[in-house]
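Listed below, chain by chain, are the residues.
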Amino acid sequence: MKFSIVIQASPSSSQSAATALRYAKTLLQQGHELYRVFFYADGVNLANSLIAPPQDETHLPKEWQTLAGEHDLDLVVCIAAAVKRGVLDDNEAKRYEKSGGNIATGFELSGLGQLAEAIAVSDRVVTFGA
């Protein structure tokens, strides 16, 4: 079965982001396809390369990067929500005259069209947060 995941919760304010990661790992272990992970609203904070959680907590952005690398996952970050929350790639940083981008490697800024496509091609879309 083909799944897509939407994450709307900040990693610092909810367990939803951590639950989404566990869910994604379970899907893949069970042989399902994970078509796309779409980060929206406060979930875009998972793509912030400047996040530095305490040593005794899971570093969710790194966990997503590792999972994406192992399974060639598409990690898409809503550009409007990201810019609003200060998560920028180098192009957007230049556009808004900021000192540099801070989007973590493996994450990609894009629009809601990517979410619409994921909904259209997936058998199931599961949302975490908000």
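Before reading further, recall that the structure is shown in the block above.
Residues numbered from 1 in each chain as written. Predicted model: local features only at pLDDT ≥ 70, side-chain atom pairs only at ≥ 80, totals over all residues. Heavy atoms only, no water.

Draft legend 1. Here's a closer look at helix H2 (residues 60-71). Taking 1.5 Å of rise per residue, the 12 residues of H2 would be expected to cover 16 Å, and the 16 Å separating its terminal C-alpha atoms lies within 8% of that figure. Of all the residues in H2, the buried ones are Leu 60, Pro 61, Trp 64, Leu 67 and Ala 68. Within H2, the buried residues cover an arc of 130° as seen down the axis, which keeps them to one side. Exposed side of H2, more than 90 degrees from the buried face: Lys 62, Gly 69 and Glu 70 are the residues found there. The secondary structure elements touched by the buried residues of H2 are strand S1 (2-7), helix H1 (16-29), strand S2 (33-39), strand S3 (75-78) and strand S4 (107-110). Downstream of H2 by a residue or two, Asp 72 has a phi angle that is positive, lying close to 50°. (Helix = DSSP H or I, 4+ residues; strand = E, 2+ residues; numbered from the N terminus. Expected span 1.5 Å × (residues − 1). Buried < 20%, exposed > 50% of the residue type's maximum accessible area, 1.4 Å probe, protein only. Arc of directions from axis to C-beta. Contact = heavy atoms within 4.5 Å.)

Draft legend 2. Spotlight on the pattern of salt bridges. In the structure shown here, the tally under the stated rule is 5 salt bridges. Among the ionic pairs, Glu 117 bridges to Arg 36, the shortest N-O distance being 3.0 Å. Linking Glu 117 in helix H5 (residues 112-121) with Arg 36 in strand S2, this pair joins segments that are 81 residues apart in sequence. On the accessibility criterion, Arg 36 (5% relative accessible area) is buried. In this structure, the salt-bridge partner of Glu 92 is Arg 95, at a minimum N-O distance of 3.3 Å. Here the residue Glu 92 and the residue Arg 95 both occupy positions in helix H4 (residues 90-95), the gap between them amounting to 3 residues, near one helical turn. (Salt bridge = Lys/Arg side-chain N within 4 Å of Asp/Glu carboxyl O.)

Draft legend 3. Layout of the pairing of S2. Most of S2 is tucked away, with 5 of its 7 residues classed as buried. Where S1 meets S2, 6 bridges bridge the pair, whose relative direction is parallel. Bridge pairing in S2 links Ile 7 to Phe 39. Running through H1, the crossover from S1 to the neighbouring parallel element S2 is right-handed. (Pairing = 2+ DSSP bridges. Right-handed = clockwise from strand over helix to strand, strands pointing away.)

Draft legend 4. Fine view of unusual backbone geometry. Not every positive phi belongs to a glycine, and Asp 72 is a case in point at roughly 50°. Mapped onto the secondary structure, Asp 72 falls in the loop between H2 and S3. Look at Glu 97: it is not a glycine, yet its phi comes out positive at around 55°.

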